[in-house]
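# Structure at a glance
Below are the chains, spelled out letter by letter.
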Amino acid sequence: MLAACGHSDSFRVHGELTDGSNINLRLVYYTNGTVHTGITASNAGRFMYEGQAAKPALVEIYDNDYRLLGRTMAQNGEDIEIKIDRSNYYRNTVKGNKTAEDLTSYLNANADVLQSSSIAGRNGIIAEQVGANPDSQGSYLLLVTEFSTQGYEHMADSLLSLISEEARIDGVSAGFEALLQRVADGIAADSVVPVPYMISGGITRMFRPADSPLSLIVLSDSRSGRDSVLTAMRGLAGYERKGRFDILDLNLDQDTIVWRRSVRADSASWTQGWAAGGISAQGIDRLGVPGLPYFVLVDSAGHTLWRGVSASEAVSRTIKLTDKQ
């Protein structure tokens with residue numbers, strides 16, 4: 001009878017939104033190298049979701065506009081209780097998984113700094129916590145979810161090296177570790193190869209450098225400052241000439257639904273697409289992407305003319321090259 005009432009083959013997340021709102025929620029969880037998604041809804045602020053994860057999974061909870069509301073860890077057999085403060089993600093509380101409890105305790109204690117500080121300030125206190133607690137899975141999860149790697153890649157790599165093998169969680173941070181490994185190894189191919197991608201309607205296309213004397217590849221996701229990308233693209237749209245200078249605006253979110261939501265109001269005249277696999281996508285994996293957004297200028301032979309994270313510099317360098325054509 002006890003076995004019949006249990007759920008050893010699933011985990012359950014029991015949640016409460018402190019504002020008592022009735023909204024749709026999307027859950028995304030990462031386990032064993034795969035991504036799973038699900039949808040539920042809150043009723044007077046309360047919701048429940050059941051998923052399956054034979055190994056520990058990182059579970060992220062988003063609202064209908066894909067704003068991150070909370071994170072927890074979970075695996076089969078666990079009942080997780082999470083209380084979500086929609087006004088301040090760092091004030092959430094979690095019960096039912098020690099790693100998640102350790103992480104949220106730290107976020108609670110440092111909520112003011114984490115919410116208001118500069119990237120340098122945030123990364124600084126995270127580095128102190130990881131350095132002082134390298135054997136904690138909570139420290140590991142803090143590093144891979146809250147540390148801002150862009151411009152701090154080598155610092156992130158150093159911190160990751162401090163984490164003991166026992167504290168690492170398989171399958172939770174494959175993208176984070178792959179990014180740092182590329183930076184550490186200095187992998188950034190001089191030439192760009194064809195890149196497959198999907199456009200609206202589920203149609204698959206192939207980007208080939210040879211199709212144009214000059215191309216700008218723009219890589220971003222829903223969390224990486226889409227506004228700066230849009231400003232840059234709109235500034236360059238007037239320079240685009242098919243077969244002379246082409247723009248490829250690629251989204252690297254794990255979920256095509258997230259991509260479609262993030263671009264639906266763009267009114268883009270340039271090509272927008274989605275690449276499966278994020279920064280590890282076929283062709284993208286050769287570029288040694290250190291962070292998003294990222295811009296790559298390439299000629300018809302596939303040679304990289306410039307690459308970088310600055311949207312304004314991407315615009316200025318592109319305009320200079322188009323003026324020479």
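Notes on the structure follow. None of the values given here were measured: they were computed from a predicted structure. (Residues numbered from 1 in each chain as written. Predicted model: local features only at pLDDT ≥ 70, side-chain atom pairs only at ≥ 80, totals over all residues. Heavy atoms only, no water.)

### Comments concerning the nonpolar core
For clarity, the cut-off: Put simply, a nonpolar core is a bunch of buried Ala, Val, Leu, Ile, Met, Phe, Trp, Tyr and Cys residues held in one set by side-chain atoms that sit within 4.5 Å of each other. Burial classification: accessible surface area is computed with a 1.4 Å probe over protein chains only, and a residue below 20% of its type maximum counts as buried, one above 50% as exposed, and the rest as partly exposed. When checking whether two residues touch, look at their non-hydrogen atoms; a contact exists if any pair is within 4.5 Å.
Grouped together as the largest cluster of nonpolar side chains are 50 residues, with contacts concentrated most on Phe11, Phe47, Ile61, Leu107 and Leu143. When neighbours within four sequence positions are excluded, Ile61 is seen to be in contact with Val13, Leu25, Arg26, Leu27, Phe47, Arg67, Leu68, Leu69, Gly70, Ile82 and Ile84.

### Looking at helix H9 (residues 256-263)
Convention followed: Where helices and strands are cited, they refer to DSSP runs of H or I of at least four residues and of E of at least two residues respectively, numbered from the N terminus. Along the arc lie the directions from the helix axis toward the C-beta atoms. Each polar contact in these results corresponds to two N or O atoms within 3.5 Å; when the atoms are within protein, one needs to be able to donate a hydrogen and the other to accept it, and residues that are neighboring in sequence are counted only if both atoms are side-chain atoms.
Every buried residue of H9 is accounted for by Thr256, Val258, Trp259 and Val263. Taken down its axis, H9 places every buried residue within 155° of arc, on the same side. Those residues of H9 that are buried lie in contact with strand S9 (195-199), helix H8 (226-236), strand S12 (245-251) and strand S13 (271-274). Here H9 starts with a cap whose side-chain oxygen sits 2.8 Å from the backbone nitrogen of Ile257, and that cap is Asp255.

### What about the pattern of salt bridges?
Basically, it comes down to this: Any Lys or Arg side-chain nitrogen found within 4 Å of a carboxyl oxygen on Asp or Glu counts as a salt bridge.
Tallying each qualifying case throughout the model produces eleven salt bridges. Among the ionic pairs, Glu16 bridges to Arg46, the shortest N-O distance being 4.0 Å. Taken together, the residues Glu16 in strand S1 (residues 11-17) and Arg46 in strand S4 (residues 46-51) connect sequence positions 30 residues apart. Given the relative accessible area of 23%, Glu16 is considered partly exposed. For Asp112, the salt bridge identified is with Arg91, shortest N-O distance 3.0 Å. Of this pair, Asp112 sits in helix H3 (residues 111-116) while Arg91 sits in the loop between strand S7 (79-84) and strand S8 (93-95), and the two are 21 residues apart along the sequence. Its relative accessible area of 38% is what places Arg91 among the partly exposed residues. Salt bridges linked by common partners bring Glu60, Arg71, Arg122 and Glu146 together as one network.

### A word on the pairing of strand S15 (residues 304-308)
The cut-off we apply is this: Strand pairing is defined by DSSP finding a minimum of two bridges between the two strands.
In this sheet, S15 lies alongside strand S14 (residues 294-299) in antiparallel orientation, the contact comprising four bridges. When the sheet's bridge partners are listed, Leu297 is paired in S15 with Trp306. Remark: four residues form the turn of the hairpin made by S14 and S15, two consecutive strands paired antiparallel; Gly302 in that turn has positive phi of roughly 90°.

### Describing the sheet that holds strand S2 (residues 24-31)
How we decide: The axes are straight lines fitted to the C-alpha atoms, using for helices just the contacting stretch, and the angles between their N-to-C directions are given from 0 to 180°.
The strand order S3-S2-S5-S6 describes an open sheet built from four strands, whose pairing is antiparallel. Strand pairing shows two members of the sheet lacking a second neighbour, strand S3 (34-41) and strand S6 (68-74), which therefore form its edges. Across the sheet, the axes of successive neighbouring strands diverge by a mean angle of 20°, strand direction being ignored. Strand direction decides the pairing type here: strand S5 (residues 57-63) and S6, joined by six bridges, are antiparallel. Along S6, the bridge assignment pairs Glu60 with Arg71.

### Structural notes on empty space enclosed by the protein
Our working rule: Points on a 1 Å grid over protein atoms alone make up a cavity when a 1.4 Å probe fits among them but cannot get out, and a pocket when they form an open set with protein on both sides within 12 Å along at least five of seven lines; lining residues each have an atom within 4 Å of a point. Grid points are joined across faces, edges and corners, and a volume is the space filled by probe spheres set on the points. Residue polarity is assigned by list, with Asp, Glu, Lys and Arg as charged and Ala, Val, Leu, Ile, Met, Phe, Trp, Tyr, Cys and Pro as nonpolar; anything else, Gly included, falls into the polar class.
Counted according to the given criterion, the structure contains one cavity of 30 Å³ or more. Of the pockets and cavities examined, the largest cavity occupies roughly 40 Å³. If you trace the largest cavity, you find it lined by Gly70, Arg71, Tyr89, Tyr90, Asn92, Leu103, Thr104 and Leu107. Put simply, the parts of the chain that give the lining of the largest cavity at least two residues each are S6 and helix H2 (98-109). Top contributing element to the lining of the largest cavity by residue count: H2, with three residues. Along the lines of polarity and charge, the residues of the lining of the largest cavity split into four nonpolar, three polar and one charged.

None of the figures reported here should be taken as evidence of function without further support.
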